[in-house]
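Working through the structure, step by step
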Protein chains: 2
Amino acid sequence: MNTQWVSDGPETTPGDIEEPGLDGPFVIGVDLGGTKILARAIDPATGAASGRIKRMTPAGPSVVLDSLVEAIQDLPGWEQAEGVGLGVPGFVTKDGVVTSCPNIKGWDEPVAVSAELGSRLGMNVVVANDVDCGAVAEQRFGAGRGVDDLLAVFVGTGVGGGLVLDGQLVIGDRGLVGEIGHVTVEPGGRPCGCGGRGHLEAYAGRAGINREVRRRHEKSPQLLVDLAGEGSIKSRHIARGIADEDDTTIEMMAEAAAALALVIGNAATLLDLPRVILGGGVVDKLGQPFIDQIAQSDRFGGFGADLVDLVPADRLDDAGAVGAAMIAVDRL
Amino acid sequence: MNTQWVSDGPETTPGDIEEPGLDGPFVIGVDLGGTKILARAIDPATGAASGRIKRMTPAGPSVVLDSLVEAIQDLPGWEQAEGVGLGVPGFVTKDGVVTSCPNIKGWDEPVAVSAELGSRLGMNVVVANDVDCGAVAEQRFGAGRGVDDLLAVFVGTGVGGGLVLDGQLVIGDRGLVGEIGHVTVEPGGRPCGCGGRGHLEAYAGRAGINREVRRRHEKSPQLLVDLAGEGSIKSRHIARGIADEDDTTIEMMAEAAAALALVIGNAATLLDLPRVILGGGVVDKLGQPFIDQIAQSDRFGGFGADLVDLVPADRLDDAGAVGAAMIAVDRL
């Protein structure tokens, strides 16, 4: 149970209601993850959810589409839904073509997911990026309540962002809006997973930190590598490194905070954002001290930290499914 | 006569029609500048203008408001207008309060221009920032035709920007959207006119260039200072410095191009912009070679220059008045 939903939200408790089903109109929200599929029925007014169907995510887009259809059709009363919102871990164009989905095996080329699923289900299907779904869920029911303009920044393996302006998700014609992980903080700087250099993600994302720490490990032994072993460095390893006052960990996270401060301040200045929400595994694990480190950085970009509040994400239950449903409601 | 309006635009020629007046519905577009006021009647469908009333801009907001009312009421048939759009050289909130107007003498505190003018004229008055008016005019009738998402960047004494997403001007609750001149390119870098450091404007704006060149002049004589004398360095002095292969001028404009490339690339990546329009005195004077220098910079931010086309502004006649009218149409 997630208490944020209850604290000062509506009487109904999104994500927690199992059965009986919703009485009024509902939209189906589906979260397609790298390992699992979750489908729920969402009340568009409150974000309250009923029904809960889970599936493993198979390999290859055509089998994934089969599993999505099955999961949706297993929801009690699915035929009465006003439509479907689907969040996917990839790039999505405005018309629902998923151009790439690197975290799902075998998904190597563009698939017209919205058209295909819509035709098989006989209802409108709106497809959105999973980070965007998280941003919309936070704006409607989480840490973004009360403001119409916000950027949600999720710091995990990579760094993703979702932008809401005037209460509406902004995605752009190519669906690339919010690619804050690939904003340049240091021209010619650290190599980024995308092939570029000096991008935010290379400094603040776990994959970038992992690469940099292992590079240093070749010269001198690193605690984070000892903790992670052969696997990737996890957020808990970083938290442990900070607790143990490990020099490299402290230095790397200071660089991460400085990079985030520069990019967030610049985005807030360019877009007049009153609030930026910070979430994702790294932020969740390091908590408020890391957010404070960002807000107090002397590298904070633009007009500075006075312009914008940095707040932690509420980490809503099933935010992906709830956000996907709300995006669908806006576009249906 | 401005040929851009005619080249491949509508049959009617915005900005050129004097009399007789427009036949159909029209909106009054007013451009309040630091030295003059211009009021015109604008056809919302084509941007075609008729009537042309000019006034000197007096000092102090209450006298300015009197002059605005006079200029508008001198337009033939002004009572039939559907409303007024007014562009001002200052910060404007969403509800038409001009919070500051540094280029107009005596305008030292917030004035509710929209409410005040609206009450005196008996019609709706929409107030917008002049740079935003220029951006909207370019998007509707100039270099932005054909795309729904664009950023217009005007490089003059300072650096201003106007953002159009999904065909609509974005301004933010505080009216600060587009403050690209104060995006940080170099934390702790050159002092900016706003009191900050390392902002784009300090590298690419004429005032920043003027400050930096005069600082260098204290150590060694500078051609740009010889050309400008006691006055500020003008765009034509910069053009002359480049033509004369002056080392400092070339170095300063390379830094300006690099700073613009970093910020424009990052903005295009964050906002998925297919096109950025470049205008303002510096760009107008230096022309395509300067735009090419920006596009080809190795400091181009984010996903790089492949993501976005950089194009020169069309420099439309009376763009301020036309843009103000179009913004009014969208909000009336």
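Residues numbered from 1 in each chain as written. Chains lettered and ligands numbered in written order. Predicted model: local features only at pLDDT ≥ 70, side-chain atom pairs only at ≥ 80, totals over all residues. Heavy atoms only, no water.

Re the overall build of chain A
Operational definition: Strands here mean DSSP runs of E at least two residues long; helices mean DSSP runs of H or I at least four residues long; both are numbered from the N terminus. Atoms counted for the radius of gyration: C-alpha only. Globule rule: 2.2 Å times the number of residues to the power 0.38. Each residue gets one of three labels from its accessible area relative to the maximum for its type: buried under 20%, exposed over 50%, partly exposed in between, using a 1.4 Å probe on protein chains only. Any two residues whose heavy atoms approach within 4.5 Å at even a single point are treated as in contact.
Looking only at helices and strands, chain A features 12 helices and 12 strands. Rg of the C-alpha trace for chain A: 20 Å, near the compact-globule value of 20 Å for 332 residues, within the 12% margin. Viewed in the frame of its principal axes, chain A has a C-alpha envelope of about 60 × 40 × 35 Å. Per-residue burial over chain A gives 59% buried out of 332 residues. Pairs at least 24 residues apart make up 62% of the contacts formed inside chain A by residues separated by at least 6 positions.

Thoughts on the domain arrangement of chain A
Residue and element names in this part refer to chain A. Rules: For the domains described, the bounds stem from an automatic or database domain assignment. By buried area we mean how much accessible surface two parts lose on assembly, using a 1.4 Å probe and totalling the loss over both.
The domain architecture assigned to chain A consists of domain 1 (4–135 + 317–331) and domain 2 (146–312). Here the C-alpha centre of domain 2 lies 27 Å away from the C-alpha centre of domain 1. Facing 11 residues of domain 1, the contacting portion of domain 2 comprises 16 residues. Between domain 1 and domain 2, roughly 1,100 Å² of surface is buried when both sides are summed, and carbon and sulfur atoms account for 61% of that area.

Re the packing of helix α4 (residues 130–141) of chain A against helix α12 (residues 319–331) of chain A
All names here are of chain A. Threshold: Lines fitted to the C-alpha atoms define the axes, with helices restricted to the stretch that makes contact. Angles between their N-to-C directions range from 0 to 180 degrees. If an angle is under 35 degrees, it is roughly parallel; if it is over 145, roughly antiparallel; if it lies from 65 to 115, roughly perpendicular; otherwise it is oblique.
Closest axis-to-axis distance for the α4/α12 pair is 7 Å, and the angle between their directions is 85°. By the criterion of interaxial angle, the relationship of α4 to α12 is roughly perpendicular. Every residue of α12 that contacts α4 at Asp132, Cys133, Val136, Ala137, Arg140 and Phe141 is listed here: Ala319, Gly320, Val322, Gly323, Ala324, Met326, Ile327 and Asp330.

Some points on the relation of the copies chain B and chain A
Comparison of the two chain copies shows a relationship of rotation about an axis with a shift along it. So the rule is basically this: Only residues with pLDDT of at least 70 in both copies contribute their C-alpha atoms to the least-squares superposition of the copies.
Laying chain B over chain A is done by rotating through 180° and shifting 0.0 Å along the axis; what remains is an RMSD of 0.0 Å. Given the turn and translation reported, the copies of this chain are related as if by a two-fold rotation axis. Interface residue correspondence from chain B to chain A reaches 100%, placing this contact among same-surface, isologous pairings.

A short note on the side chain of Thr249 of chain B
Summarising the element assignment, Thr249 of chain B is placed in helix α9 (residues 247–271). In contact with Thr249 of chain B, not counting residues within four places along its chain, are Leu224, Ile238, Gly241 and Ile242 of chain B.

So, the pattern of salt bridges
Residues and elements named next belong to chain A. To keep things clear, this is the line we draw: One speaks of a salt bridge when a side-chain nitrogen belonging to Lys or Arg is within 4 Å of a carboxyl oxygen belonging to Asp or Glu.
Here the structure, examined in full by the defined rule, presents 40 salt bridges over all chains. The salt bridge involving Glu116 is made with Arg120; its shortest N-O contact spans 3.9 Å. Here Glu116 pairs with Arg120, and both are found in helix α3 (residues 113–121), just 4 residues apart, close to one helical turn. Since its relative accessible area comes to 36%, Glu116 is described here as partly exposed. Look at the salt bridges and you will find they share partners, linking Arg190, Glu212, Arg215, Arg216, Glu251 and Glu255 into a network.

Here we look at the nonpolar core
Going by this rule: Grouping buried Ala, Val, Leu, Ile, Met, Phe, Trp, Tyr and Cys residues that are joined through side-chain atoms within 4.5 Å yields what is termed a nonpolar core.
Val153 and Phe290 of chain A together with Val153 and Phe290 of chain B are the most contacted members of the largest nonpolar core, which totals 102 residues. Setting aside chain neighbours within four positions, we find Phe290 of chain A in contact with Met253, Ala256, Ala257, Leu260, Val282 and Val283 of chain A.

Considering the confidence of the model for chain A
In plain terms, the rule: On a scale of 0 to 100, pLDDT captures the predictor's confidence in every residue.
On average, residues of chain A score 92 in pLDDT, and 93% of them reach the 70 mark or higher. For this predicted complex, the interface confidence reaches an ipTM of 0.90, while the overall pTM sits at 0.91.

Considerations on unusual backbone geometry
With the exception of glycine, most residues fall at negative phi, and the peptide bonds are largely trans. Residue and element names in this part refer to chain A. Here Asp166, not a glycine, exhibits a phi torsion of approximately 55°, which is positive. Relative to the helices and strands, Asp166 is located in the loop between β9 (159–165) and β10 (168–170). Relative accessible area serves as the criterion here: at 52%, Asp166 is assigned to the exposed category.

Digging into the interface of chain B and chain A
In plain terms, the rule: Polar contacts, as used here, are pairs of N or O atoms within 3.5 Å; protein pairs need one atom able to donate a hydrogen and one able to accept it. Residues neighboring in sequence count only if both atoms are side-chain atoms. Each residue is assigned to one class: nonpolar for Ala, Val, Leu, Ile, Met, Phe, Trp, Tyr, Cys and Pro, charged for Asp, Glu, Lys and Arg, and polar for all the others, Gly among them.
With 37 residues of chain B at the contact, the number on the chain A side is 37 residues. Between chain B and chain A lies a buried interface of about 2,900 Å² when both sides are counted; carbon and sulfur atoms form 60% of it. Considering only the surface of chain B that becomes buried against chain A, Arg174, Leu270 and Asp272 of chain B emerge as the three largest contributors, covering 24% of it. Where chain B meets chain A, there are 4 salt bridges. Linking Asp272 of chain A and Arg174 of chain B is a salt bridge whose minimum nitrogen-to-oxygen distance equals 2.7 Å. There are 18 residue pairs in polar contact (both at pLDDT 80 or more) connecting chain B and chain A. The element contributing the most residues to the side of chain B that touches chain A is α9 of chain B, with 6 residues. Broken down by class, the residue content of the side of chain B that touches chain A amounts to 19 nonpolar, 10 polar and 8 charged.

Observations regarding helix α9 (residues 247–271) of chain A
Using the following cut-off: Multiplying one less than the number of residues by 1.5 Å gives the expected span of a helix.
In a regular helix each residue adds 1.5 Å, so 25 residues correspond to 36 Å; α9 of chain A covers 36 Å between its end C-alpha atoms and thus fits that length. Immediately beyond the C-terminal end of α9 of chain A, within one or two residues, lies Asp272 of chain A, with a positive phi of roughly 55°.

Details of the side chain of Asn266 of chain A
As for its placement among the helices and strands, Asn266 of chain A is situated in helix α9. Every residue in contact with Asn266 of chain A, bar those within four places of it in the chain, is listed here: Gly301 and Gly302 of chain A together with Val183 and Thr184 of chain B.

Side note on helix α11 (residues 288–295) of chain B
Residue and element names in this part refer to chain B. Applied cut-off: Our arc is simply the arc of the directions from the helix axis toward the C-beta atoms.
Within α11 the residues assigned to the buried category are Phe290, Ile291 and Ile294. All buried residues of α11 fall inside an arc of 100° around its axis, so they share one side. As for α11, its buried residues are in contact with α9, β11 (275–279), α10 (281–286) and β12 (309–312).

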